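# Overview (structure and organization)
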Amino acid sequence: MSTETLDLVVVNGTVVLGDGRYRLAVGVKDGKVAALAPEELMPPARTRIDARGDFVLPGIVDSEAHPGCYVPFEHDMRTESRAAACAGVTTWGIQAPVTRLGTEPFQEVVRRADVGSFHKSFPAARKVIESVSHTDAYLTYMLETDEQAEEIGEYAEQHGVTSFKLYLQTRGLRGMPDDDDSNWPSRRAGLGHGIDDGTVYLAMEQVAHLGYPGMVHIHPENWEIARVFEDRLRATGRTDFGAWTDRSPDFLEAQHIRAYAYLAQQTPGRVPLYLQHCTTELSFQEVAKARAEGVELYAQTGPAWLWAQPENGWRINVPLRRRENIEALWAALADGIVDVVGSDHVVAWEPASFEAMYASNIWDCRTGFSRVELFLPVLLSEGVSKGRISMERLVQVSCENPAKTSGLWGRKGSLLPGFDADMVIVDAGREVTVGKEHINTRAGWSIMEGHTFTGWPVKTILRGQVTAEWADDSPGMRPVGDPRGSAGPTGSTWACGPSRATAATTTWTSRATSATRSSPRSGPRRATSSWRSANRPRSSARR
């Protein structure tokens, strides 16, 4: 091992990777992990952080967030990236339409004519991230037009963007006049055109040409049928929060998964399909069927769906599910049916206070409650502490797999030497009854308030420098230092294209051939095939 002085060493912690726990120190040089070794073997370091016996995880790669959805991108990134850093996030996957990436003037309600090429918005987005963000960030473009779909190859080559999302509930928006925003608050959320299946197919064709790490994301939820249920619920006088769940029953999510998995299968080149918000037992069945038929399919869920039921939650799309689906979701997350956890963070337009947003009538309640601060408390308290998942599985679904599905593996998602020195130190035994002092978003409130969680992040490190910590004299996590975020992959800043695929050094076992497996509760699944890929998400189950 080199004796060159390190910039930082993190000691007295248990390092957690997807394949195990290690009582090792982490050495950092020039923003990269330089060594994993016993403390006594580490070279001298300029700065020493004592983890105090806590777990040291790779920084969270939050695969879905929507800063700028309802207010200007720069305004939201200033506050919400601080909240994300305080939540243990070091890399934020920002998903946005072309009108919500920092172009000016900001259009609060978007018209069809406002929807243009991402070539116009990309420079503004990069500038905002690199000037005000407390996390690194990568972009997923939310497509609306055929023209945008046809430019996917250019976006990948010139912007380094390889993930593209299609909001399937905006199909109904396509024929609406500019002054009609009755199809969800789509126009207020930056969507002004709407898609049809032709746009979806064009996007799949173009992404299939990219190869790894190209990915088509969909929000599976059939709003064309949901409107029928909503009309019936309103007619019967239902105004409770459970009515929002009943307007979009489980099969509306599952039906879209079946339909668009089939479309992906028929697309030349076998496009990978990524499901946002996979939340129901029926959906998990469709995921298994599609994979068995050869579709390369990845499923994501979020902390809100892993914890909150409709009656103690909020208005959200897809809706919160009831207890039986929550239990099934934890099992699917542990067993490898669900691959990734993403916060789906968003804060509403101002005023965003609880008093301004809440209504006891669900149809009048405003959407847009903060979620990034739910991330680790839910996974630690409801998952690890209750034995539903292991700490290793938490790292797989929160760090490794989102890095692999977004093409960032080799730099993000692990603490192996050569990766960015992104870390979150978590106190798995810390009990926190959530109050205002634990909330860092601009909204200033959370559905977490009043609830007790076991496990909390206590320090976040981005490329070797502390960005947030729970100091001994502080009531909660607070940001540290100035914004240091990097926008990537954007050309030379982060690796992109084929080089990212070859940068990966660890392997996983193929899910498609895992016909022989041990009991989900007794150990990880193992495949019968010897085929392995360094770039695909781990599907191993509970340990």
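In what follows, the structure referred to is the one given above.
In short, a report on the structure. (Residues numbered from 1 in each chain as written. Predicted model: local features only at pLDDT ≥ 70, side-chain atom pairs only at ≥ 80, totals over all residues. Heavy atoms only, no water.)

## Some thoughts on unusual backbone geometry
Residue Val 318 is reached from Asn 317 by a cis peptide bond, and omega for that bond is -5°. Residue position: Val 318 is located in the loop between α10 (303-307) and α11 (323-335). (Helix = DSSP H or I, 4+ residues; strand = E, 2+ residues; numbered from the N terminus.)

## Brief notes about the nonpolar core
Membership of the largest hydrophobic core comes to 136 residues, with the highest contact counts inside it found for Val 10 and Tyr 141. Residue contributions to this core peak at 7 residues, all from α11. Those residues in contact with Tyr 141 that sit more than four places away from it in its chain are Ala 96, Leu 101, Phe 118, Phe 122, Tyr 155, His 159, Val 161, Ser 163, Phe 164 and Lys 165. (Core = buried A, V, L, I, M, F, W, Y, C linked by side-chain atoms within 4.5 Å. Buried < 20%, exposed > 50% of the residue type's maximum accessible area, 1.4 Å probe, protein only. Contact = heavy atoms within 4.5 Å.)

## As for the sheet that holds strand β3 (residues 20-22)
What the 7 strands build is an open sheet, ordered β3-β2-β7-β16-β17-β18-β19; its pairing is mixed. Looking at which strands have only one partner, the edges of the open sheet turn out to be β3 and β19 (478-479). As paired strands, strand β7 (residues 55-58) and strand β16 (residues 423-433) are joined by 4 bridges and run antiparallel to one another. Considered in β16, the bridge of Val 56 is made with Ile 425. Against the sheet, helix α13 (residues 375-384) touches β16 and β17 (452-462), its axis set at about 130° to β17. (Pairing = 2+ DSSP bridges. Axes fitted to C-alpha atoms, helices over the stretch in contact; angles between N-to-C directions.)

## Quick word on the pattern of salt bridges
Per the counting criterion, the structure on display carries 39 salt bridges. Between Asp 114 and Arg 111 there is a salt bridge, with its nearest N and O atoms 3.0 Å apart. For Arg 111, a relative accessible area of 41% corresponds to the partly exposed category. Each member of the salt-bridge network shares a partner with another, and the members are Lys 32, Asp 136, Arg 411, Lys 412, Asp 420, Asp 422 and Arg 463. (Salt bridge = Lys/Arg side-chain N within 4 Å of Asp/Glu carboxyl O.)

## Some remarks on the packing of aromatic side chains
The final tally for this structure, using the stated rule, is 18 aromatic pairs. Aromatic side chains Phe 118 and Tyr 155 sit 5.5 Å apart centroid to centroid with 80° between the ring planes, which places their arrangement in the edge-to-face category. On the criterion of sequence distance, the pair formed by Phe 118 in helix α2 (residues 118-132) and Tyr 155 in helix α4 (residues 152-159) is long-range, its members being 37 residues apart. Each member of the pair, Phe 118 as well as Tyr 155, carries the same accessibility label: buried. Seen from their ring centres, Phe 354 and Trp 445 are 5.3 Å apart, and the 80° between their planes marks the pair as edge-to-face. (Phe/Tyr/Trp six-rings, centres within 6.5 Å; stacked < 30°, edge-to-face > 60°.)

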